[in-house]
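If you want the building blocks of each chain, they are given just below.
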Amino acid sequence: MHDCKKCAIFATFMNMKREDIKVVAFDADDTLWDCQSWFDEVEHKCCELLKPWASASEVSEGLFATESRNLPLTGYGTKAFTLSLIENAVRVSHQQLTGDIVMQLLELGRQLLLFPTTPLPEVEATLRQLSQSRRYRLVVFTKGELLDQENKLQRSGLEQYFSHMETVSNKTQKEYRQLCENLGVAPEQTLMVGNSFRSDIAPALETGAYAVHIPYHVVWKLEKSEEFPHPRLQKIKRFNELLDILGL
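Notes on the structure follow. Residue positions within a chain follow its written sequence, with the count starting from 1. Predicted model: local features are reported for residues with pLDDT of at least 70 only, side-chain atom pairs are reported and counted for 80 or more only, and whole-chain, interface and lining totals are derived from all residues. Water and hydrogen atoms play no part in the side-chain values, which are based on all heavy atoms of the structure.

So, on to the sheet that holds strand β5 (residues 210–213). Ordered by their spatial adjacency, six strands build an open sheet running β3-β2-β1-β4-β5-β6, and the pairing between neighbours is parallel. If you trace the sheet from one side to the other, it starts and ends with β3 (164–168) and β6 (233–235), each paired once. Within the sheet, the average angular offset between the axes of one strand and its neighbour, ignoring direction, is 20 degrees. Where strand β1 (residues 23–26) meets strand β2 (residues 137–143), four bridges bridge the pair, whose relative direction is parallel. Paired with Val23 across the strands is Arg137, a residue of β2. For two strands to be treated as a pair, DSSP must find at least two bridges joining them. We count a stretch as a helix when DSSP gives it H or I for four or more residues in a row; a strand needs E for two or more, and each element gets its number in order from the N terminus. Lines fitted to the C-alpha atoms define the axes, with helices restricted to the stretch that makes contact. Angles between their N-to-C directions range from 0 to 180 degrees.

We now examine the layout of surface pockets. The rule is simple: put a 1 Å grid over the protein atoms alone, call a set of points where a 1.4 Å probe fits but cannot get out a cavity, call an open set with protein on both sides within 12 Å along at least five of seven lines a pocket, and count a residue as lining if it has an atom within 4 Å of a point. Grid points are joined across faces, edges and corners, and a volume is the space filled by probe spheres set on the points. Counted as a void, the largest pocket has a volume near 690 Å³. Along the walls of the largest pocket sit 38 residues, with Gln36, Phe39, Tyr76, Trp220 and Glu223 positioned nearest its centre. Secondary structure elements with two or more residues in the lining of the largest pocket: α2 (36–49), α3 (56–74), α4 (78–92), β2, α7 (146–156) and α9 (197–207). Gly counts as polar in this scheme, as do all residues outside two lists: the nonpolar Ala, Val, Leu, Ile, Met, Phe, Trp, Tyr, Cys and Pro, and the charged Asp, Glu, Lys and Arg. Its residues placed into classes, the lining of the largest pocket shows 11 nonpolar, 13 polar and 14 charged.

Another point: the packing of α3 against α4. Between α3 and α4, the least distance of the axes is 9 Å, while the angle of their chain directions is 130 degrees. Overall, the two elements α3 and α4 adopt an arrangement that is oblique. The handedness of the crossing between α3 and α4 comes out as right-handed. Residue-level inspection shows Val59, Gly62, Leu63, Thr66, Glu67, Arg69, Asn70 and Thr74 of α3 in contact with α4, the latter providing Ala80, Phe81, Ser84, Leu85, Glu87, Asn88 and Arg91. A per-class count over the contact of α3 with α4 returns five nonpolar, six polar and four charged. By definition in this entry, angles of less than 35 degrees are roughly parallel, angles greater than 145 are roughly antiparallel, angles of 65 to 115 are roughly perpendicular, and the rest are oblique. Left-handed is the label given to a crossing in which the near helix is rotated counterclockwise from the far helix by less than a right angle, and right-handed is the label when the rotation is clockwise. By the convention used here, residues are in contact when the closest approach between their heavy atoms is within 4.5 Å.

By salt bridge we mean one thing: a side-chain nitrogen of Lys or Arg within 4 Å of a carboxyl oxygen of Asp or Glu. Throughout the structure, instances matching the rule amount to 10 salt bridges. By sharing partners, the salt bridges in this structure join Asp27, Lys171 and Asp200 into a single network.

Here Glu122, not a glycine, exhibits a phi torsion of approximately 75 degrees, which is positive. Checked against the element boundaries, Glu122 lands in the loop between α5 (99–111) and α6 (123–133). Taking relative accessible area as the criterion, Glu122 reaches 23% and is therefore assigned partly exposed. The residue Arg134 is not glycine, and still its phi comes out positive at about 60 degrees. Inspection of the secondary structure assignment puts Arg134 in the loop between α6 and β2. Any residue under 20% of the maximum accessible area for its type is buried, any over 50% is exposed, and the rest in between are partly exposed; the area is computed with a 1.4 Å probe on protein chains only.

Before going further, it helps to spend a moment on the side chain of Ser156. Among the structural elements, Ser156 can be located in helix α7. A relative accessible area of 8% means that Ser156 is categorised as buried. Apart from residues no more than four positions distant in its own chain, Ser156 is found in contact with Trp33, Thr117 and Pro119.

This is a description of form; function is not addressed.
Dropping the structure here:
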């Protein structure tokens, strides 16, 4: 890449000394591989199954309300989504669901535990180069269900590039501070990379870390939030722009 363009990409990080960065943490879903599209497809199929009782918009709005209400108890992840899927279906059908439809909904949830986690464009090549440079410790920092997230990382084939994976029930300042403590680094020695401004970027910045925002074309309603500029934040379009930011 042309030196001037490199300077432009790095401009926001004027106060960041690359040699001070010890850890680069990556979100998983919709950062390393596609995830939300699979959930959206299951929601669409659920709407089709429930056509006799409700419109697609009623099913979708009800599902989001059910997920939001259940979140404090069930957290994030496929199993929590499947429970909300069935609960909402029972409600909108006025408890008229047949056992066959319930089993179809369960199977849709099961499919979400097995979908292919093919790395997004440029992800593996970028991680390989970062890993081979040995300049930074690469870790996965994600939220959801532990076993599900571990299985997705294994299916992706990217596990070899990371020295540590941490799965939490939520991503707030508390969890980012704990991550840094677990890794033995200060927040200002950490760079967080993710697609969700709400979960990956804002709390990392509030903790004192640096952040790279790489938006994905599909966003879950609950992850939508207002964005804001920040001197420790860089927004990129292509995953391999990380190499320029980190001087490789």
